[in-house]
Amino acid sequence: MDTVEPVAREAPACLDHPAFRPEHVMLRDQLRRFVETEIKPVAAAWENKGSVPREVLRRMGALGFLGIRYEEAHGGAALDTLATAILAEELGRSTYGGFAITVLVHTDMASPHLANGGTEAQRARWMPGIIAGEIITAVAVTEPDAGSDVAGMRTSARRDGDDYLLNGTKMYITNGVLADLVFVAARTDPQAKGSRGISIFAVERGTPGFSVGRALDKQGWRSSDTAELVFDDCRVAAANRLGAENRGFYAIMRNFQNERIVLGAQAMGEAQAMIALALDWVRQRRAFGATLWEKQAIRQRLAMLSARVAAARQLVYHAAWLDSLGHDCTLQVSQVKALCGELVNEVAYACQQFHGGMGYLRESAIERMVRDARVQSIGGGATEVMLEEVAKRLG
Amino acid sequence: MKILVPVKRVVDYNVKVRVKSDGTGVETAGVKMSMNPFDEIAVEEAVRLKEKGVATEIIAVSMGVAQCGETIRTALAMGADRGILVETDADLQPLAVAKMLKVLVDREQPTLVVMGKQAIDDDMNATGQMLAALLGWAQGTFASKVAIEGDKATVTREIDGGLETVALKLPAVVTTDLRLNEPRYASLPNIMKARKKPIETIKPADLGVDPAPRLTVIKVAEPPKRQAGKKVGSVAELVAKLKTEAKVI
């Protein structure tokens with residue numbers, strides 16, 4: 001009888017996802033070691049200080065972690081969205097959400113505006129410094145009265161000769177205090193309705209009329225600086241406008257997709273770290289004559305959480321993979337953001353519960369992670385907004 | 001001068017190793033594998049010697065299954081120039097590895113072989129010494145400091161009770177201890193560049209060596225579980241327990 005030859009398969013680079021290549025695995029290894037040795041032992045001080053030291057960002061720049069997808073001519077590695085997801089996941093595993101978001105806002109929420117929308121001259125001017133970690137970036141879209149609903153934006157940019165004059169206030173701006181370069185969305189056509197008539201400007205720190213209103217005090221992400229930015233007749237050269245006038249909305253929408261994949265990956269990195277922390281704790285904590293691990297109620301809940309995190313992580317990779325192939329994946333990205341933002345909070349709640357009294361102490365990592373997780377269902381597209389995006393596409 | 005650096009693929013040092021249920025070895029299926037940490041130190045030392053202008057070329061060699069190519073790729077990302085993979089599914093033991101390395105040394109003519117003092121999987125601590133013997137070369141094992149000058153290497157060795165410094169006439173084999181250096185990170189641009197560096201794949205037969213094991217593993221077992229500690233009320237009770245229960249005094 002004829003036997004059917006099995007289809008020859010190339011061994012995958014790792015077992016996390018079939019699309020990962022050896023360079024993805026090596027990047028993850030380097031990131032994990034960096035986080036374990038250079039971040040976790042020292043980051044507690046950054047929580048108190050309210051920001052991440054610049055030399056840490058420069059160090060990450062020197063290792064190429066800040067230029068994963070950027071062009072090689074500027075010091076980037078020209079890798080793909082999967083590599084970006086690995087970056088976000090590994091930074092999430094650091095247990096310091098504030099550190100992770102400081103980096104990820106720079107690499108994946110702010111600087112893509114320049115990388116995608118900037119002219120060659122604009123990119124040559126700033127990208128090498130951004131990739132090296134010398135120039136830290138922020139993105140200013142949200143306002144006191146306009147968040148995910150970009151159409152409600154009020155900040156204006158009025159043409160004045162070769163310049164624009166920016167006026168308005170931006171809110172909840174991560175890296176707002178730290179940033180050297182802020183990508184600011186402003187209305188260039190006051191007559192345009194809704195989301196039309198918006199443009200993006202690169203505004204350097206120290207530009208007259210641009211000031212930090214106040215640093216904002218947050219529940220979590222304590223090592224990330226968050227600010228209110230004020231533009232008062234801030235004069236910005238027309239050469240600093242990114243992309244075509246009045247087309248900024250599309251740039252913002254495009255960038256939201258990347259931002260949401262990154263936030264989903266970060267959340268799943270955090271979830272994995274929290275499950276690991278809980279495992280370590282319940283295996284040694286004793287109650288009623290046995291370790292907590294020996295209670296089925298606890299270990300089965302941990303087992304189910306690990307299964308749900310594994311599933312959500314695969315959805316993150318799937319969305320990142322679709323994105324890396326250039327497919328529209330708004331549905332998957334919205335699912336990622338809605339699912340991961342909620343799941344990380346469920347994991348946080350359960351893992352803090354398993355820690356008992358210790359989990360309520362400021363000295364425990366899980367306590368910090370619970371506070372850090374809360375924003376994951378709010379920032380970068382609240383769950384409710386994401387679910388509407390999903391619902392629209394259910395057909 | 002050329003430096004040859006053997007690198008071994010082992011279970012990652014962060015993995016909690018589990019013994020297979022049939023007692024034939026440790027579980028490696030689905031387990032994260034990495035370069036042996038002592039070999040990373042060897043690669044780092046070689047790269048530093050190249051940066052100092054002492055070495056001109058670094059060749060990373062790994063032996064074993066096809067995935068050992070990834071371990072070589074890591075060495076290339078750290079700064080090695082090219083790789084040689086001796087691909088085999090055989091269970092490789094130190095003598096077979098040393099014999100194959102000897103043939104490669106004869107072929108490549110390096111002035112220095114730098115390698116980990118042992119691998120963290122089986123902790124044999126044998127391959128470097130065997131290779132030096134087969135080659136008839138000088139050896140400086142457990143190195144915590146290496147200085148090359150002309151045709152001499154000065155190696156500080158970590159030995160029981162202190163440090164010993166030996167002068168070796170090159171060519172030589174140096175095996176690395178933990179405190180020799182701190183291996184660098186492979187930067188992402190270097191990871192990308194490493195993709196383009198050449199890796200030659202050969203088989204043990206190409207080296208004329210039969211890698212069949214000479215040693216037989218009879219059984220692998222978990223170490224005994226650590227017992228819970230006890231609190232004692234007094235020194236007298238402690239001494240009594242050390243005598244009657246622990247039976248150590």
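Numbering of residues starts from 1 in each chain and follows the order in which that chain's sequence is written. Ligands are numbered from 1 and chains lettered from A, in the order in which they are written. Whole-chain, interface and lining totals are the exception, using all residues; otherwise, since this is a predicted model, local features are given only for residues with pLDDT of at least 70 and side-chain atom pairs are given and counted only at 80 or more. Hydrogens and waters are ignored; side-chain quantities use all the structure's heavy atoms.

In the nomenclature of an unreviewed UniProt entry, chain B is known as Electron transfer flavoprotein subunit beta of Acidisphaera rubrifaciens HS-AP3. Comment text from UniProt for chain B, heading Cofactor (unreviewed entry), reads "AMP". The UniProt entry for chain B carries the following comment under Function (unreviewed entry): "The electron transfer flavoprotein serves as a specific electron acceptor for other dehydrogenases. It transfers the electrons to the main respiratory chain via ETF-ubiquinone oxidoreductase (ETF dehydrogenase)." UniProt positions are given in the numbering used here, feature names are shortened, and annotations may be inferred rather than shown by experiment.

The name that an unreviewed UniProt entry assigns to chain A is Acyl-CoA dehydrogenase, with the source organism given as Acidisphaera rubrifaciens HS-AP3. Its UniProt record, at the heading Sequence similarities (unreviewed entry), says of chain A: "Belongs to the acyl-CoA dehydrogenase family." Under the heading Cofactor (unreviewed entry), UniProt records this for chain A: "FAD".

1. With respect to the overall build of chain B
In terms of regular secondary structure, chain B is built from six helices and eleven strands. A principal-axis box enclosing the C-alpha atoms of chain B has dimensions of 65 × 40 × 40 Å. Residue contacts follow a heavy-atom distance rule, with two residues in contact if any of their heavy atoms lie within 4.5 Å. Residue pairs in contact within chain B that sit at least 24 positions apart in sequence constitute 71% of those at least 6 positions apart. Shrake-Rupley sampling with a 1.4 Å probe provides the accessible areas, and residues are treated as covered by the protein chains on show and by no other component. When the accessible surface of chain B is totalled, it reaches about 13100 Å², and 53% of it is carbon and sulfur. Residues scored as positive are Lys and Arg, those scored as negative are Asp and Glu, and His as well as the terminal groups of each chain are ignored. Where a charge sits is defined by one atom per residue type, namely NZ (Lys), CZ (Arg), CG (Asp) or CD (Glu). One way to put it: in chain B the 36 positive side-chain charges average out to a point 3 Å from where the 32 negative ones average out. The helix and strand labels rest on DSSP assignments: H or I over at least four residues marks a helix, E over at least two residues marks a strand, and numbering proceeds from the N terminus.

2. Remarks on the interface of chain A and chain B
The partner chain B presents 18 residues to the 21 residues of chain A that form the contact. Here, a salt bridge means any side-chain nitrogen of Lys or Arg that lies within 4 Å of a carboxyl oxygen of Asp or Glu. The interface formed by chain A and chain B includes two salt bridges. Residues adjacent in sequence count toward polar contacts only when both atoms are side-chain atoms; beyond that, a polar contact is any pair of N or O atoms within 3.5 Å, and within protein one must be able to donate a hydrogen and the other to accept it. Our enumeration of links across chain A and chain B arrives at eight residue pairs in polar contact (both at pLDDT 80 or more). Residue assignment for the side of chain A that touches chain B shows that the elements contributing at least two residues are α1 (22-39) and α3 (54-62) of chain A. Per-element tally for the side of chain A that touches chain B: the top contributor is α1 of chain A, with nine residues. Only Asp, Glu, Lys and Arg are considered charged, only Ala, Val, Leu, Ile, Met, Phe, Trp, Tyr, Cys and Pro nonpolar, and every remaining residue, Gly among them, polar. For the side of chain A that touches chain B, the per-class residue count stands at eleven nonpolar, four polar and six charged.

3. So, the UniProt feature "domain: Electron transfer flavoprotein alpha/beta-subunit N-terminal" (unreviewed entry) in chain B
According to UniProt, the feature "domain: Electron transfer flavoprotein alpha/beta-subunit N-terminal" (unreviewed entry) maps to residues 23-211 of chain B in the numbering used here. With 30% helix and 31% strand, the stretch residues 23-211 of chain B has end C-alpha atoms that lie 23 Å from each other.

4. Thoughts on unusual backbone geometry
Cis geometry is found at the peptide bond from L170 of chain B to P171 of chain B, where omega equals 0 degrees. Note that P171 of chain B resides in the loop between β9 (162-169) and β10 (172-176). Here the phi dihedral of A78 of chain A falls at roughly 50 degrees; this positive angle occurs in a residue that is not glycine. Relative to the helices and strands, A78 of chain A resides in the loop between α3 and α4 (81-92). For the exposure calls, accessible area comes from a 1.4 Å probe over protein chains only, and a residue counts as buried if that area is under 20% of its type's maximum, exposed if over 50%, partly exposed in between. Exposure remark for A78 of chain A: the relative accessible area of 42% places this residue in the partly exposed category.

5. Topic: the UniProt feature "domain: Acyl-CoA dehydrogenase/oxidase N-terminal" (unreviewed entry) in chain A
Within this numbering scheme, the UniProt entry marks residues 22-134 of chain A as carrying the feature "domain: Acyl-CoA dehydrogenase/oxidase N-terminal" (unreviewed entry). Taken end to end, residues 22-134 of chain A has its terminal C-alpha atoms 29 Å apart, with 70% of it in helix and 0% in strand.

6. Section: the domain arrangement of chain A
A common way to report how large an interface is uses the accessible area buried once the components associate. Residues and elements named next belong to chain A. When the domains of chain A are assigned, the result is domain 1 (22-132), domain 2 (137-246) and domain 3 (250-394). Domain 1 and domain 3 are separated by 21 Å when their C-alpha centres are compared. Opposite the 24 residues of domain 1 that make contact, domain 3 presents 26 residues. Between domain 1 and domain 3, the buried area comes to about 2100 Å², and carbon and sulfur atoms account for 58% of it. Measuring nitrogen to oxygen at the nearest pair gives 2.5 Å for the salt bridge that ties E89 to R313. At the junction of domain 1 and domain 3, the tally comes to eleven residue pairs in polar contact (both at pLDDT 80 or more). Elements supplying a minimum of two residues to the side of domain 1 that touches domain 3: α4 and α5 (97-117). Looking at the side of domain 1 that touches domain 3 element by element, the count peaks at ten residues for α5. Its residues assigned to classes, the side of domain 1 that touches domain 3 comprises nine nonpolar, eight polar and seven charged. Segmentation into domains, and thus their bounds, comes from an automatic or database assignment. Buried area is calculated as the accessible area (1.4 Å probe) missing from two parts once they are joined, with the contributions of both summed.

7. Looking at the pairing of strand β7 (residues 138-149) of chain B
Residues and elements named next belong to chain B. Sheet topology places β7 next to β10; four bridges connect them, and they run parallel. Opposite Q139, over in β10, you have V173 as the bridge partner. Hairpin remark: β7 followed by strand β8 (residues 152-159), antiparallel, with two residues in the connecting loop; positive phi at G150, about 60 degrees. Following DSSP output, two strands are said to pair if at least two bridges run between them.

8. Things to note about empty space enclosed by the protein
All names here are of chain B. Definitions used throughout: a 1 Å grid over protein atoms alone; a cavity as a set of points that fits a 1.4 Å probe which cannot get out; a pocket as an open set with protein on both sides within 12 Å along at least five of seven lines; a lining residue as one with an atom within 4 Å of a point. Grid points are joined across faces, edges and corners, and a volume is the space filled by probe spheres set on the points. Summed over the entire model, instances satisfying the criterion amount to one cavity of 30 Å³ or more. Of the volumes computed, that of the largest cavity is approximately 40 Å³. Looking at the largest cavity, the residues that line it are Q93, L95, A96, K99, D210, P211, A212 and R214. Its residues assigned to classes, the lining of the largest cavity comprises four nonpolar, one polar and three charged.

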